[in-house]
Amino acid sequence: MYNTAQITFLLLLLSSLFALYGQEEFNYDESKVPQYSLPDPFVSQNGKLIRTPQQWEHLRRPELVKLFEKHVYGQLPKDFDQITFSLVNEDTQAMGGNAHLKEVDIRVERNGKAITMRLLLFVPQKKDKPAPVFLLITHRDPENIDPTRESKIDFWPAEEMVERGYAAAAFHVMDVSDDSKDTFTEDILETLYPEQLQMEDGMRGLGAWAWGAMRAMDYFERDKDIDASKAAVVGHSRGGKASLWTGAQDTRWAITVSNDSGCGGAALSRRKFGETIKRINTNFPYWFTDNFNHFNDNEDALPIDQHLLIASIAPRAIYVASASEDQWADPKGEFLSLKLGSRVYHEIYGIPINLPDRLPEVEVPLHKPNVGHHIREGKHNLELYDWERFMDFADQLYQRK
């Protein structure tokens, strides 16, 4: 039997759970997706029609990035006083002699303070010129990017990338901003950019991860073994949201890859399918800027939607991947966002993109010029199948044989 205190506690717990979850039902039924209209990529905020690359690059794209800064991801400060790179460990015979391992500490200083992030890099030994590179933004257990390769996990199949002639790079987000609502401020935000924490449109967790990817690119540009003009940034789930924001902010990336990024990533917010803005802001309040909370249960008020984030990456290459069982991330909403956003490639830049009206079949990749997509069989994860398709796409884009 329960005593009075225990019963009271259980009732309070049930009441709290109902308050948090009971009043919000998550939709997985296409027939219940509401009617919605989306902002037009080709009409500027002052009503000007966008028809040329110059208008896109100097008017529409910059204003879209600013809108995402203000309402979704927050500012992404690019100023600092000094950046230095230190090779703290290397193995020229890694992976049985197939790769050159470099562990690089990237130290960034601003206003007399500094942080250091660790970049892992395996460069193929068999190459006759600098290697193209894939960078993974990871929030998973560091075991997933084990530099000793005693642990080999398909989440980061470095051996397969090296075998295909690609450098495999990764950094863990905990070096720039912990994936925790309690400690996310402890790295670059409190140390380098504390003023951002006082701003409603200040940088938060996802922006900090994008900042880290940009510092990795700073290193790639200085490493003679890396072809920085052929660099791809890859993220899964929350990392996929960060990779999209990286690609929108930093035009140095040749390919931006989003895997299962869902709400706040590739999926259209206005569909209200699976995870919603309200749910993601409630569970992960440290990912997005404070202003994003204004759109909880109010998606139609957003002056942008995620197709415009994809559009802002044009004309550089974009790849959106989904998983068949990952309805929480809304694979259809991710594809629709890609289809609508990729209109910029065709209508502004004349790159022939013709994505189908219907959601593509599972494991039937679509690799168009500068735009890629696939849906993998299975659950929310980043697997070898995904990486193989990313490399196939890069082979095509770079015209590698």
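These numbers come from a predicted model, not from an experiment. (Residues numbered from 1 in each chain as written. Predicted model: local features only at pLDDT ≥ 70, side-chain atom pairs only at ≥ 80, totals over all residues. Heavy atoms only, no water.)

Concerning the overall build of the chain
- Along its length, the chain carries twelve helices and ten strands.
- For the chain, whose C-alpha radius of gyration is 21 Å, the value lies close to the compact-globule estimate of 21 Å for 401 residues.
- Projecting the C-alpha coordinates of the chain onto the three principal axes gives extents of approximately 70 × 55 × 45 Å.
- The buried share among the 401 residues of the chain stands at 56%.
- A sequence separation of at least 24 residues applies to 70% of the contacts in the chain between residues at least 6 apart.
- If you sum the accessible surface of the chain, you get close to 17100 Å²; carbon and sulfur atoms cover 48% of it. (Helix = DSSP H or I, 4+ residues; strand = E, 2+ residues; numbered from the N terminus. Rg over C-alpha atoms; globule rule 2.2 N^0.38 Å. Buried < 20%, exposed > 50% of the residue type's maximum accessible area, 1.4 Å probe, protein only. Contact = heavy atoms within 4.5 Å. Areas by Shrake-Rupley, 256 points an atom, 1.4 Å probe, with all protein chains shown as cover.)

Overview of unusual backbone geometry
- Here the bond from Ala 314 into Pro 315 is cis, since omega is 10 degrees, no more than 30 degrees from zero.
- Relative to the elements of secondary structure, Pro 315 occurs in the loop between helix H9 (306–311) and strand S8 (317–323).
- Not every positive phi belongs to a glycine, and Arg 149 is a case in point at roughly 65 degrees.
- Within the secondary structure, Arg 149 sits in the loop between strand S4 (131–138) and helix H4 (158–163).
- According to the relative accessible area criterion, Arg 149 is buried, its value standing at 8%.
- In the Ramachandran plot, Glu 363 falls in the positive-phi region, its phi being about 55 degrees despite a non-glycine side chain.
- Mapped onto the secondary structure, Glu 363 falls in the loop between helix H11 (343–347) and strand S9 (366–368).
- A residue is classified by how much of its surface remains accessible, and Glu 363, at 35% relative accessible area, is partly exposed.

Looking at the environment of Val 233
- Relative to the helices and strands, Val 233 resides in strand S6 (residues 226–236).
- Taking the C-alpha atoms as reference points, Val 233 and Val 65, 168 residues apart in sequence, are found 18 Å from one another.
- If we ignore the near neighbours within four places in the chain, the residues touching Val 233 are Leu 135, Ile 137, Ala 213, Ser 243, Thr 246, Trp 253, Ile 255, Thr 256 and Val 257.

Let's talk about the confidence of the model for the chain
- Averaged over all residues, the pLDDT of the chain is 94; the fraction at 70 or higher stands at 94%.
- Taken together, the stretch residues 11–23 has pLDDT below 50 and engages in four contacts with residues farther than four places along the chain or on a different chain. (pLDDT = per-residue confidence, 0-100.)

Here we look at the nonpolar core
- Within the largest apolar cluster, 84 residues are counted, with the highest numbers of intra-cluster contacts made by Leu 135 and Phe 220.
- Discounting residues that sit within four places of it in the chain, Leu 135 has contacts with Leu 119, Ala 169, Ala 170, Phe 171, Ala 213, Ala 216, Phe 220, Ala 232, Val 233, Val 234 and Trp 253.
- Formed by 32 residues, the second largest nonpolar core is a distinct cluster that contains Met 95, Tyr 166, Ala 170 and Leu 382. (Core = buried A, V, L, I, M, F, W, Y, C linked by side-chain atoms within 4.5 Å.)

Topic: helix H2 (residues 53–73)
- Here H2 contains 21 residues, and its C-alpha end-to-end distance of 25 Å is more than 12% below the 30 Å for a straight helix at 1.5 Å per residue.
- Of all the bends in H2, the greatest reaches close to 35 degrees and is centred on Arg 60; the proline Pro 62 follows between one and four positions later.
- Every buried residue belonging to H2 is among Trp 56, Arg 60, Arg 61, Glu 63, Leu 64, Val 65, Leu 67, Phe 68, Glu 69, His 71, Val 72 and Tyr 73, and all of these are buried.
- Check the buried side of H2 and you find it contacts helix H6 (205–220), helix H7 (238–249), H9 and H11.
- Just past H2, the residue Gly 74 takes up positive phi, approximately 85 degrees. (Expected span 1.5 Å × (residues − 1). Bend = angle between axes of the 7 residues up to and from the residue.)

A look at the sheet that holds strand S2 (residues 99–110)
- With respect to topology, ten strands assemble into an open sheet ordered S1-S2-S3-S5-S4-S6-S7-S8-S10-S9, the strand pairing being mixed. Lying at the two open borders of the sheet, with one neighbouring strand each, are strand S1 (82–93) and S9. Sheet twist, expressed as the mean angle between neighbouring strand axes with direction ignored, is 15 degrees.
- Across twelve bridges, the pairing between S2 and strand S3 (residues 113–124) is antiparallel. Bridging across to S3, Leu 101 finds its partner in Phe 122.
- Against the sheet, H6 engages S1, S2, S3, S4, strand S5 (167–172) and S6, with an angle of about 60 degrees to S3. (Pairing = 2+ DSSP bridges. Axes fitted to C-alpha atoms, helices over the stretch in contact; angles between N-to-C directions.)

Observations regarding the packing of H2 against H7
- At a minimum axis distance of 10 Å, the contact between H2 and H7 shows a crossing angle of 145 degrees. The handedness of the crossing between H2 and H7 is left-handed. Listed contacts from H7 to Arg 61, Val 65, Phe 68, Glu 69 and Tyr 73 of H2 are Trp 245, Gly 247, Ala 248 and Gln 249.
- The class makeup of the residues in the contact of H2 with H7 is five nonpolar, two polar and two charged. (Left-handed = near helix turned anticlockwise from the far one by under 90°. Nonpolar A, V, L, I, M, F, W, Y, C, P; charged D, E, K, R; others polar.)

Remarks on the packing of aromatic side chains
- Considering all chains together, one arrives at 21 aromatic pairs under this definition.
- Summarising the aromatic geometry, the rings of Trp 287 and Phe 288 are spaced 6.4 Å apart at their centres and angled 65 degrees between planes, so their arrangement reads as edge-to-face. Accessibility classification places Trp 287 together with Phe 288 in one group, the buried group.
- These aromatic residues form a ring-pair network of at least three members: Phe 68, Tyr 73, Phe 184, Trp 245, Phe 284, Tyr 286, Trp 287, Phe 288 and Phe 292.
- For Arg 215, the ring lying beneath its charged end belongs to Trp 211, and the centroid distance is 5.1 Å.
- Over the ring of Tyr 385 we find Arg 389, and its NZ or CZ is 4.6 Å from the ring centre. (Phe/Tyr/Trp six-rings, centres within 6.5 Å; stacked < 30°, edge-to-face > 60°. Lys NZ or Arg CZ within 6 Å of the ring centre and 35° of its normal.)

Focus: the pattern of salt bridges
- Taken as a whole, this structure holds 36 salt bridges when the rule is applied.
- A salt bridge links Arg 376 to Asp 386; its shortest N-O distance comes to 2.8 Å. Highlighted residues: Arg 376 in strand S10 (residues 371–376) and Asp 386 in helix H12 (residues 384–398), separated in sequence by ten residues. In this pair, the class of Arg 376 matches that of Asp 386, namely buried.
- The partner of Arg 389 in a salt bridge is Glu 388, with the nearest N and O atoms 3.8 Å apart. (Salt bridge = Lys/Arg side-chain N within 4 Å of Asp/Glu carboxyl O.)

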